[in-house]
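Chain and residue survey
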Amino acid sequence: MDKESGAGARDSQERYKEAELLKDSRILEHTHSFIVEYNFKTKQCYIDPAQRKHVYGDWNSEYSEKRNFSRIALKEDIPKLNELFDFTGLKPGDSKSTAARFYVKSHTYEWFRVSLICYGEPDGEIERVLITFTNAEQELETVQKLKFLLARDPLTHMPNMDSFRQMTEAMIQRHPDLSYALIRMDIDKFRMINQMYGTKEGDNILRYIGVKIQEWIGPLQEEDNDSTYGRISSDIFYVCMPANASDIQEIIDFIQAALRAYPIKFEMIMSFGVYITCEADRTEHVSVSTLMDRAASAQKTVKNSYVNHVAYYDHLIRKKEVAERIIVSEMKKALETEQFQVYLQPKCEMDTGKIIGSEALVRWIHPSQGIISPGEFIPVFEKNGFISELDYYMLRSSCEIIRRWIDEGIGLHPISVNVSRTDLYNPNLLEQIKECVDKYEVPHDLIEFELTESAFVSDNMQLYNLAKLLQENHFRVLMDDFGSGYSSLNSLREIPVDVLKIDLKFLPPSSDDKRGNVILHSIVDMAKRLGLDVIVEGVETAGQAEFLLSIGCRNAQGFYFYRPMPVSEYEQCLDKPKETGLSGCVQ
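Residues numbered from 1 in each chain as written. Predicted model: local features only at pLDDT ≥ 70, side-chain atom pairs only at ≥ 80, totals over all residues. Heavy atoms only, no water.

1. Concerning the pairing of strand β8 (residues 236–242)
- Within β8, 6 of the 7 residues are buried, which leaves it mostly tucked inside the rest of the structure.
- In the sheet, strand β6 (residues 180–187) pairs with β8 via 6 bridges, with the strands oriented antiparallel. Residue R184 lies in a different strand from β8, and its bridge partner there is Y238.
- Pairing geometry for strand β7 (residues 228–233) and β8, over 5 bridges, is antiparallel. Of the residues in β8, the one forming a bridge with R231 is F237. (Buried < 20%, exposed > 50% of the residue type's maximum accessible area, 1.4 Å probe, protein only. Helix = DSSP H or I, 4+ residues; strand = E, 2+ residues; numbered from the N terminus. Pairing = 2+ DSSP bridges.)

If you want it as structure tokens, here you go:
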């Protein structure tokens, strides 16, 4: 090859390299990237001049052996950059990356993805590292926003439930020797605020509470918080803080005072439930969710109270919760093994003591605990929905009893069974009732259904439909606890019933209660005019019975006459009516 052709080849190679470099620079420019290269042999650093188009400051003066990033990167990201630029232990082929925020102009930063790769000789000696800075503001900003939305409540920008639990769990683990107070709070009757002033004003109030909580606690740090807070749902907020009694009361007073100062013509009151962590929680590693539940249990005891607004979780609440857990854990087995027994409380004529029917009441005969009061397990079953299974069990058992009476020629009187509010939302309820009653070939007039007045008030349409269908299928319908609610007359006008069961606890007749006596007399008279039968329940004294007879009420149910009893005892009473000793006569 001659000199001329050799020179041409070199020129061609140089032009090719220049073209490649130009292409690379265009790619870098298009991706808003620049390169920093450090040579281990020369100890020199090459910084792409294009960096000045993308970031703020002159890196040639900023970058040195000390790698001073303080004037070119956001302060909180500097530790990540120092770690990336620590070349200790690097080997040829190694790579690592991070994301950091650099100033693109004074006081304005953007996200960059920083990637490092190490090059070296085949024998393993490091020659240089190449660091690429690529602007990823749009990509990483979207990721950060998504992380924020996943961790924060969109209305108040406070941590949401998951984030609060995670932050609180981490905080408690960092300080295992400290006791913490979990405080749950919400606004009593918040739904009324939304109804009266609209959800927009309701949202403003929630933001206001969030601001006040953050104002008291201060901003949350990523690490080493001494307190946490969050909005869990609706108007429910939680705070976790060191368990200092004076501090707990101060934040409660602060939030209450702030709420009273809110410019709205509605008295807003918050209820607070407090749980203080203890040594057992730490040794047993009790979850934050459980701690939150305990604060909620305490709050329930003062919810909508006009006297107390703060409750601390104590041994009594704990005892109740343990009892409820035992009930829930054993309820299915109890049903399968027939631990639930039917007790019958007679309904009778007051002047003769003659039994005219009975109400089926459940008793839990536990193999080790004996009789468990319905007041202990019925509310639990109503809360978890198991009451529907128990109601059907009671209906089936009542049908079995009546079937046996028919087969054995025992005197027949109707048995009434209770329908719980939960049952109302079962679309197949009537079909299940008919199927059960007809399976035992029990005449429909021997099974009655008691519906509580409180259910009439809150579930009017469902009850109307159910009562109407029951009557159409020749079942008698009783309105139980009449007089205990606030819409008795309106319910009586709208819901088809056959019998009123008046609860004497709410209208106790006595010589000193003239107003109550007048009301009770009027109800009995009104029922007669409407063609309804009346049974007064809760009769406990001869005086009450005498008065009821004097105003024209013949039938009653109560401890003065008969207490709830096993079926076998009830059957014995059929043959031996109780001597009442009453002298009153029915009008």
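2. A short note on the sheet that holds strand β10 (residues 310–312)
- On the basis of which strands lie adjacent, the open sheet formed by 5 strands has the order β7-β8-β6-β9-β10 and mixed pairing. Two strands bound the open sheet, and with one partner strand each, they are β7 and β10. Taken over all neighbouring pairs, the strand axes of this sheet differ in orientation by 20° on average, direction set aside.
- Each of β6, β7, β8 and β9 (270–276) touches helix α8 (residues 199–217); the most contacted strand, β8, lies at about 5° to it. (Axes fitted to C-alpha atoms, helices over the stretch in contact; angles between N-to-C directions. Contact = heavy atoms within 4.5 Å.)

3. Brief notes about the nonpolar core
- In terms of nonpolar packing, the biggest core is built from 78 residues, with F340 and F381 touching the most fellow members.
- Tallying contributions element by element places helix α14 (residues 387–408) first for this core, with 9 residues.
- Apart from the residues lying within four places of it in its own chain, the contact partners of F381 are I327, M331, F340, W364, F386, I387 and L390.
- Counting 30 residues, the second largest nonpolar core, distinct from the first, contains L155, M185, I209 and Y229. (Core = buried A, V, L, I, M, F, W, Y, C linked by side-chain atoms within 4.5 Å.)

4. Concerning the pairing of strand β12 (residues 355–366)
- The buried fraction of β12 amounts to 10 of the 12 residues, a majority that puts the element mostly inside the structure.
- When strand β11 (residues 340–349) meets β12, the two strands line up antiparallel, connected through 9 bridges. Along β12, the bridge assignment pairs Q341 with R363.
- Where β11 folds back on β12, the antiparallel hairpin that results is connected by 5 residues, among which G353 adopts a positive phi of roughly 80°.
- Where β12 and strand β14 (residues 415–419) come together, 2 bridges link them in parallel fashion. In the strand pairing of β14, S358 is matched with I415.
- By the bridge criterion, 3 bridges tie β12 to strand β13 (residues 370–372) in an arrangement that is antiparallel. Each bridged residue has a counterpart across the sheet, and for H366 the counterpart in β13 is G370.

5. Some remarks on a nonpolar patch on the surface
- Side chains of M192, M196 and Y197 sit close together on the surface and give an oily, nonpolar patch of about 270 Å² of accessible area.
- Here M192 shows up in helix α7 (residues 190–197).
- What makes M192 partly exposed here is its relative accessible area of 35%. (Patch = residues over 30% accessible without salt bridge, like charges linked within 9 Å, V, L, I, M, F, W, Y side chains within 5 Å. Areas by Shrake-Rupley, 256 points an atom, 1.4 Å probe, with all protein chains shown as cover. Salt bridge = Lys/Arg side-chain N within 4 Å of Asp/Glu carboxyl O.)

6. Regarding unusual backbone geometry
- A positive phi angle, close to 60°, is found at N304, a residue other than glycine.
- Within the fold, N304 resides in the loop between α11 (288–300) and β10.
- Phi angles above zero are rare outside glycine, and E338 is one such case at about 55°.
- Mapped onto the elements of the fold, E338 is located in the loop between α12 (315–336) and β11.

7. Let's talk about the sheet that holds strand β4 (residues 108–120)
- A sheet is described by the order of its strands in space; here 5 strands give the open sequence β2-β1-β5-β4-β3, paired in antiparallel fashion. At either end of the open sheet lies a strand with only one pairing partner, and these are β2 (44–47) and β3 (95–105). Across this sheet, the average inter-strand angle for adjacent strands is 20°, counted without regard to direction.
- Across 4 bridges, the pairing between strand β1 (residues 33–39) and β2 is antiparallel. In the strand pairing of β2, V36 is matched with I47.

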